[in-house]
Amino acid sequence: MGDPIFVHGVNLAVFLIVLVRVLVAFALLMVSVLLMIWFERKVISDMQNRIGPNRAGPSVCFRHLRTGRSSSSKRTFCLSAPTGLVFKLAPYLAVIPAFLIFVVVPVGGVVTIAHHAVELQVADPPIGILFVLALSSVAVYGTMLAGWSSGSKYPLLGSVRASAQMISYEAAMGLSIVAVILESHGLSTRAIVNSQAAAFWHWNVLRLGFIPFIIFFIASTAELNRPPFDLSEGESELGGGFTPSTPRFGSRCSFSLSS
């Protein structure tokens, strides 16, 4: 029977497999973020006939590392106030759901590791799609609390605009996902993928006639406040609108670069 390390019979091999899956998913997500930063800074600048960043390595491949070092060197100042805890909680409510959504994303089939059948997916709950929709709704609280807890009315107005946009597009995105669920006969993300595995004409983008895909693509882009739906972040306001980056009169918290 082996030597279980937990009371309920989870042995060391199973524990290590789960740990490796979590680490690999986290690493792939971070690499995708770095590639997206490079794409937005250099590739889009070339498309728009701009120079863009031209330092920190060939083709600016080390620019994101320099940005990470700069961000880690920032010092946070937060006065003791009733909204201080909320101000610190808001970034977690925005970032953690984004990471947890990738937990249910299948990236491959089933492989055998140490005599254990392992899915190339961190977790496959039977309600995976509902899990994704729930986490996308939680991210709205991070945006709203970031503006409200700053103590200034201008970030608050920016957060109201951003939250209203994120909520308004959730209905359209949810209805587009319902069409996929009805066609796949399951809420599991792996079940949805497996229903399309027979041949390319079984792909949902073809079976559903492109319309749900187009709606989902537009709604998800708007929820993420990506161009051209980034008008909720006023460029002439404080930083990103609902995320204050400079101190103002009446604000309780601010950020500044370390010397």
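Above this text is the structure in question.
This section reports on the structure supplied with the text.

Each value, and the rule that gives it
- Residues numbered from 1 in each chain as written.
- Predicted model: local features only at pLDDT ≥ 70, side-chain atom pairs only at ≥ 80, totals over all residues.
- Heavy atoms only, no water.
- Helix = DSSP H or I, 4+ residues; strand = E, 2+ residues; numbered from the N terminus.
- Buried < 20%, exposed > 50% of the residue type's maximum accessible area, 1.4 Å probe, protein only.
- Areas by Shrake-Rupley, 256 points an atom, 1.4 Å probe, with all protein chains shown as cover.
- 1 Å grid on protein atoms, 1.4 Å probe; cavity = no way out; pocket = protein on both sides within 12 Å on 5 of 7 lines; lining within 4 Å.
- Points joined across faces, edges and corners; volume = space filled by probe spheres on them.
- Nonpolar A, V, L, I, M, F, W, Y, C, P; charged D, E, K, R; others polar.
- Salt bridge = Lys/Arg side-chain N within 4 Å of Asp/Glu carboxyl O.
- Axes fitted to C-alpha atoms, helices over the stretch in contact; angles between N-to-C directions.
- Left-handed = near helix turned anticlockwise from the far one by under 90°.
- Contact = heavy atoms within 4.5 Å.
- Phe/Tyr/Trp six-rings, centres within 6.5 Å; stacked < 30°, edge-to-face > 60°.
- Parallel < 35°, antiparallel > 145°, perpendicular 65-115°, else oblique.

### Quick notes on the overall build of the protein chain
At step 1: When helices and strands are counted, the protein chain shows 9 helices and 4 strands.
At step 2: Along the protein chain, from the amino end to the carboxyl end, the secondary structure elements read α-α-β-α-β-β-α-α-α-α-α-α-β.
At step 3: Expressed as a percentage of its 259 residues, the buried residues of the protein chain come to 26%.
At step 4: Just so you have it, the protein chain exposes about 16600 Å², and 71% of that area is on carbon and sulfur atoms.

### So, the environment of H185
At step 1: In this fold, H185 is placed in the loop between helix 6 (170-184) and helix 7 (189-194).
At step 2: H185 gets classed as exposed once you look at its relative accessible area, which sits at 71%.
At step 3: Put simply, H185 and S195 are 10 residues apart on the chain and 8.6 Å apart in space, counted from C-alpha to C-alpha.

### As for the layout of surface pockets
At step 1: In this model, the second largest pocket occupies a volume close to 330 Å³.
At step 2: Lining the second largest pocket are 19 residues, with R21, V24, A25, L28 and V107 sitting closest to its centre.
At step 3: Listing elements by their share of the lining of the second largest pocket, those giving two or more residues are helix 1 (12-47), strand 2 (110-113) and strand 3 (116-119).
At step 4: When residues of the lining of the second largest pocket are assigned to their parent elements, the largest contribution, 8 residues, is made by helix 1.
At step 5: Residues belonging to the lining of the second largest pocket are distributed by class as follows: 15 nonpolar, 2 polar and 2 charged.

### Quick look at the pattern of salt bridges
At step 1: As enumerated under the stated definition, the model contains 1 salt bridge in all.
At step 2: A salt bridge links R207 to E183, with the shortest nitrogen-to-oxygen separation between them at 3.5 Å. Here R207 is found in helix 8 (residues 204-207), whereas its partner E183 is found in helix 6, with 24 residues between them in sequence.
At step 3: Overall, E183 belongs to the partly exposed group, its relative accessible area being 31%.

### Observations concerning the packing of helix 6 against helix 9 (residues 211-223)
At step 1: In contact at an axis separation of 8 Å, helix 6 and helix 9 are set at 145° when each is read in the N-to-C sense. Helix 6 and helix 9 meet at a crossing whose hand is left-handed. Contacts from E170, A172, M173, S176, I177 and A179 in helix 6 reach P212, I215, F216, A219, S220 and E223 in helix 9.

### Side note on the packing of aromatic side chains
Any two aromatic rings considered together are summarised by their centre-to-centre distance and by the angle between their planes.
At step 1: For the coordinates displayed, the defined rule picks out 4 aromatic pairs.
At step 2: Measuring from ring centre to ring centre gives 5.2 Å for F200 and W201, while their planes differ by 75°; the resulting arrangement is edge-to-face.
At step 3: Accessibility expressed as a relative area gives 54% for W201, which makes it exposed.
At step 4: A centroid spacing of 6.4 Å and a plane angle of 80° characterise the contact between F200 and W203, whose relative ring orientation is edge-to-face.

### Remarks on the environment of L93
At step 1: When you line up the elements, L93 lands in helix 3 (residues 84-101).
At step 2: When its relative accessible area of 21% is taken as the criterion, L93 is described as partly exposed.
At step 3: Separated by 48 residues in sequence, L93 and Y141 place their C-alpha atoms 6.7 Å apart.
At step 4: With near-sequence residues (within four places) excluded, L93 lies in contact with V138, A139, Y141, G142 and L145.

### Quick word on the environment of I129
At step 1: Take I129: it is sitting in helix 4 (residues 128-148).
At step 2: Take I129: its relative accessible area is 12%, and that puts it in the buried class.
At step 3: Sequence separation between I129 and I177 is 48 residues; the distance between their C-alpha atoms is 8.3 Å.
At step 4: Filtering out sequence-adjacent residues up to four positions away, I129 remains in contact with I177, I181, L187, T189 and I192.

### A short note on the packing of helix 4 against helix 6
Packed helix pairs are characterised by how far apart their axes lie and by the angle those axes make with each other.
At step 1: Contact geometry of helix 4 with helix 6 gives a least axis separation of 11 Å together with a crossing angle of 175°. For the element pair helix 4 / helix 6, the angle class is roughly antiparallel. Of helix 6, the residues touching helix 4 (which contributes I129, L133, S136, S137 and V140) are E170, M173, I177 and I181.
At step 2: When grouped by side-chain class, the residues that make up the contact of helix 4 with helix 6 number 6 nonpolar, 2 polar and 1 charged.

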